[in-house]
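Given next are the chains, with one letter for each unit.
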Amino acid sequence: MSAGQAVQLDALDARLIELLAEEPRIGVLECSRRLGVARGTVQARLDKLVERRVISGFGPEITPAAIGFGVTSFVTLEISQRHGHDKVAAHLAAIPEVLEAHTITGSSDLLCRIVARSNTDLQRVIDQIVSYEGIRRASTIIALAEQIPYRTLPLIRSAAQR
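Since the model is a prediction, treat every value here as computed from it, not as a measurement. (Residues numbered from 1 in each chain as written. Predicted model: local features only at pLDDT ≥ 70, side-chain atom pairs only at ≥ 80, totals over all residues. Heavy atoms only, no water.)

Turning to the overall build of the protein, a few remarks are in order. Regarding its fold elements, the protein presents 6 helices and 4 strands. Sequence-ordered secondary structure for the protein, helices as α and strands as β, is α-α-α-β-α-β-β-α-β-α. Here the protein has a C-alpha radius of gyration of 20 Å; the compact-globule value for 162 residues is 15 Å, and the former is much larger. When the accessible area of the protein is evaluated, it comes to approximately 10900 Å², of which 52% is carbon and sulfur surface. (Helix = DSSP H or I, 4+ residues; strand = E, 2+ residues; numbered from the N terminus. Rg over C-alpha atoms; globule rule 2.2 N^0.38 Å. Areas by Shrake-Rupley, 256 points an atom, 1.4 Å probe, with all protein chains shown as cover.)

Before going further, it helps to examine the environment of Leu77. Counting through the fold element by element, Leu77 comes out in strand S1 (residues 71–79). Relative accessible area serves as the criterion here: at 0%, Leu77 is assigned to the buried category. Linking Leu77 and Ser139, residues 62 residues apart in sequence, is a C-alpha distance of 6.6 Å. Setting aside anything within four residues of it in sequence, one finds Leu77 in contact with Leu92, Ser108, Asp109, Leu110, Cys112, Ile129, Ile135, Arg137 and Ala138. (Buried < 20%, exposed > 50% of the residue type's maximum accessible area, 1.4 Å probe, protein only. Contact = heavy atoms within 4.5 Å.)

Residues Val71, Ser73, Val75, Leu77 and Ile79 point to one face of S1 and are all buried, whereas Thr72, Phe74, Thr76 and Glu78, pointing to the other face, are not buried. Alignment of S1 against strand S4 (residues 135–143), held across 8 bridges, turns out to be antiparallel. Bridge pairing in S4 places Ile79 opposite Ile135. (Pairing = 2+ DSSP bridges.)

Okay, the sheet that holds strand S2 (residues 98–103) next. Reading across the sheet, the 4 strands line up as S2-S3-S1-S4 and stay open at both edges, with antiparallel pairing between neighbours. At either margin of the open sheet sits one strand with a lone partner, and together these are S2 and S4. For this sheet the average axis-to-axis angle between neighbouring strands, irrespective of direction, equals 20 degrees. Alignment of S1 against strand S3 (residues 110–116), held across 7 bridges, turns out to be antiparallel. Among the inter-strand pairings, Thr76 is bridged to a residue of S3, identified as Leu111. Sitting on the sheet, helix H5 (residues 119–130) is in contact with S1, S2, S3 and S4, with an inclination near 140 degrees to S3. (Axes fitted to C-alpha atoms, helices over the stretch in contact; angles between N-to-C directions.)

Bringing the side chain of Ser80 into the picture now. With respect to the secondary-structure elements, Ser80 resides in the loop between S1 and helix H4 (84–93). The buried category is assigned to Ser80, whose relative accessible area is 12%.

All right, on to the side chain of Ser32 then. Among the secondary structure elements, Ser32 is positioned in helix H2 (residues 28–35). Those residues within four positions of Ser32 in sequence are excluded, and the remaining contacts are Val37, Ala38, Arg39 and Val42.

The backbone of Arg53 shows a phi angle near 60 degrees, a positive value even though the residue is not glycine. Relative to the elements of secondary structure, Arg53 occurs in the loop between helix H3 (39–51) and S1.

With that settled, consider H4. Listing the buried residues of H4 in full gives Gly84, Val88, His91 and Leu92. One side of H4 holds all its buried residues, which, seen down the axis, span an arc of 115 degrees. Pointing more than 90 degrees away from the buried face of H4 are the exposed residues Asp86, Ala90 and Ala93. Contacts made by the buried residues of H4 are with S1, S2, S3, H5 and S4. (Arc of directions from axis to C-beta.)

Structure (structure tokens):
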């Protein structure tokens, strides 16, 4: 499946995804019972959703603050074009506090979400990020409170209605 090709979801797909999101440890048999469809149907749907990367994982969701990383910030990076994005991304991937990084448009080249134990620790993480010679400049914004956590269920519901 190409990147531009959208997967069509129906009401059963949406109900299955919602059930798995609400109760990630639920089994296929229990899903089939609650959804009122055969176990094989649930398994086939689940396999297709995974194969098409609609569902990309079943791991636990971690709350960084619960393990001592109470400061979240977003950092935009300007990089030296001769080093390229891949080398900078490899550098960032080696830093555990970098939770994600995206190539972006605009005046900066990358947007990262990072966590730290405190503001002082945030300085350490930023210093580690900018220590790579391919990074020319960093601009940091500290998140004060999460208003809407990362979510996809409203998107799934909307896609299934179309």
